[in-house]
Amino acid sequence: MTGSITNKSASSWLTVDLGALAANYNLFKDKAAPGCRAAAVIKADAYGLGAEKALAALENRGCPFYFVATPEEGSALRRLTQKPLAVLSGLYKGAESLYIHENLIPVLNSLEEIARWQKKAVQHQIPLRALVHFDTGMNRLGLGVDETAALHAEPGILKGLEILYMMSHFACADEKDHPMTVMQYARFMEATALFPAVKRSLANSAGAFCSPTYHFDLLRPGMALYGLNPTPWRDNPMKPVVTLRARILQVRAVKKGDTAGYGASYRFEKDGYAATVALGYADGFLRSLGNRGKLYYGDAACPIAGRVSMDAVIVDTGFLERQPVPGESMEVIGSHQDADSLAKDAGTIGYEILTSLGRRYYREYRA
Ligand SMILES: *Cc1c(COP(=O)(O)O)cnc(C)c1O
């Protein structure tokens, strides 16, 4: 085992509570309006937490449908589940055979993609499954209004395809009562009314919490499964999934007027102490946390002193009654500060904190 990270030799420890993830999935299952099922979005390696492990936990809870972002992500997970795996980024040109071979379901984002998939269905003389994505205001992916009208006028375009769901995606569902959400719902109703026989999917994590009218036939939660708050205007209804701790490397006495780190951007106001912690931007501890974030030693919030470097960060511990000892650890994400609050200090969102989680952590998965 030479060279591999062990619990003892690690610089930092990431714990993923798969039981909490499964409980979070169950919350969506229970919450889903009658007749509506809950899928799981496991793109970007399950938001950085490990897609294989997340998938196994979700399989245990009978998750019927999965979404990934890319065909590579889908291929990597294909042998681990019999359930449908849909690719949100669309049908890549030149990758059609891969989708067929790996039994990946494209989310078709344009008439051109629909045509290419349909051609394959005709060629292979098999019905090919797909989702069709309507853009309802985000202007990111999906058929626009004109394409939707064209599709309706020419239903033969879909011949040979089995359309599992027609879907769209909210831009502002994480903001309470946002008018954009209501508008997107109206546009989605309008577009899907043209295809009354096809099932529908609209809500991401936040959308599912906005209103049961947004549930339709399939929920597509991602972030909330991993413990992020889908209702930022009130307390987080989800169970925490991620804990991150990092090793204290050194504790040193500092003098009034001393500075900390690159650029000497932090100055100690009195004689005190500084602790150096094994966590840097190479671990996804964002540089924007320099002089802004904090780490917890026990219940005490220790302010980050100076810039975050690649492999280390310095915190001011002068105010502590008992100074830490090298080899002890500090909480980065845990009961005192969750990924959402760390994100706030970094000027970003919890999604970016999770998907940036580094590769140097000792990772432990709890059942
Ligand atoms: C990422 C994504 C989701 C999941 O969104 P969360 O906010 O993480 O719940 C759902 N649908 C689409 C189209 C997505 O891209």
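From a predicted model like this one, the values you see are computed outputs, not experimental measurements. (Residues numbered from 1 in each chain as written. Predicted model: local features only at pLDDT ≥ 70, side-chain atom pairs only at ≥ 80, totals over all residues. Heavy atoms only, no water.)

Draft legend 1. Summary view of the overall build of the protein chain. A tally of helices and strands in the protein chain yields eleven helices and 19 strands. Dimensions of the protein chain, computed from C-alpha atoms along their principal axes, come out at roughly 75 × 50 × 40 Å. By the burial criterion, 51% of the 367 residues in the protein chain qualify as buried. By sequence separation, contacts in the protein chain at least 24 residues apart represent 64% of the contacts at least 6 residues apart. Here the protein chain has roughly 17100 Å² of accessible surface; of this, 51% comes from carbon and sulfur atoms. Separation between the mean location of the 41 positive side-chain charges and that of the 37 negative ones in the protein chain comes to 3 Å. (Helix = DSSP H or I, 4+ residues; strand = E, 2+ residues; numbered from the N terminus. Buried < 20%, exposed > 50% of the residue type's maximum accessible area, 1.4 Å probe, protein only. Contact = heavy atoms within 4.5 Å. Areas by Shrake-Rupley, 256 points an atom, 1.4 Å probe, with all protein chains shown as cover. Lys, Arg positive; Asp, Glu negative; His and termini not counted. Charge placed at Lys NZ, Arg CZ, Asp CG, Glu CD.)

Draft legend 2. Here's a closer look at the sheet that holds strand β9 (residues 200-201). Ordered by their spatial adjacency, seven strands build an open sheet running β3-β4-β5-β6-β7-β8-β9, and the pairing between neighbours is parallel. The sheet is open, and its two borders are formed by β3 (40-41) and β9, each paired with just one other strand. Bridge count between strand β6 (residues 105-108) and strand β7 (residues 128-133): two bridges; the pairing is parallel. Of the residues in β7, the one forming a bridge with leucine 108 is valine 132. On top of the sheet, helix α4 (residues 71-78) reaches β4 (66-68) and β5 (85-87); it is set at about 165° to β5, its chief contact. (Pairing = 2+ DSSP bridges. Axes fitted to C-alpha atoms, helices over the stretch in contact; angles between N-to-C directions.)

Draft legend 3. Expanded view of the side chain of glutamine 118. Examined against the element boundaries, glutamine 118 turns out to sit in helix α6 (residues 111-124). One polar contact links the side chain of glutamine 118 to the main-chain carbonyl oxygen of lysine 159, over a distance of 2.8 Å. (Polar contact = N/O pair within 3.5 Å; in protein donor to acceptor, adjacent residues only side chain to side chain.)

Draft legend 4. Expanded view of the packing of helix α1 (residues 18-31) against helix α3 (residues 51-60). Orientation of α1 relative to α3, taken along the N-to-C sense of each, is 55°, at an axis distance of 9 Å. Viewed along their axes, α1 and α3 adopt a mutual orientation that is oblique. Once α1 is placed against α3, the crossing between them reads as right-handed. Counting all contacts with α1, which are made through Leu18, Leu21, Ala22 and Tyr25, the residues of α3 involved are Lys53, Ala54, Ala57 and Leu58. (Parallel < 35°, antiparallel > 145°, perpendicular 65-115°, else oblique. Left-handed = near helix turned anticlockwise from the far one by under 90°.)

Draft legend 5. Fine view of the nonpolar core. One finds Ile42, Phe67, Tyr226 and Phe285 to be the most contacted residues of the largest nonpolar core, which totals 107 residues. In this view, phenylalanine 285 contacts Leu279, Gly280, Leu295, Ile304, Val308, Val313, Val332 and Leu342; residues no more than four positions away in its chain are not counted. Of all hydrophobic cores here, the second largest spans seven residues; its members include Tyr266, Phe268, Ala274 and Ala305. (Core = buried A, V, L, I, M, F, W, Y, C linked by side-chain atoms within 4.5 Å.)

Draft legend 6. Spatial organisation of the packing of aromatic side chains. Across all of its chains, the model carries twelve aromatic pairs by this definition. The interplanar angle of 85° and the centroid separation of 5.6 Å between the aromatic rings of phenylalanine 28 and phenylalanine 209 together place this pair among those described as edge-to-face. In this pair, phenylalanine 28 sits in helix α1 while phenylalanine 209 sits in helix α9 (residues 205-210), placing the two residues 181 residues apart along the sequence. Classification of phenylalanine 209 as buried rests on a relative accessible area of 12%. (Phe/Tyr/Trp six-rings, centres within 6.5 Å; stacked < 30°, edge-to-face > 60°.)

Draft legend 7. Broad picture of the site of the ligand. Residues in close proximity to the ligand total 14 residues, the closest being Lys43, Tyr47, Ser205, Met223 and Tyr351. At 2.8 Å from an oxygen atom of the ligand is found a side-chain nitrogen or oxygen belonging to lysine 43. Isolated, the ligand exposes 390 Å² of accessible area, and the fraction of that covered by the protein chains is 94%. When the residues that make up the shell around the ligand are grouped by side-chain class, the tally is seven nonpolar, four polar and three charged. (Near = heavy atom within 4 Å. Nonpolar A, V, L, I, M, F, W, Y, C, P; charged D, E, K, R; others polar.)

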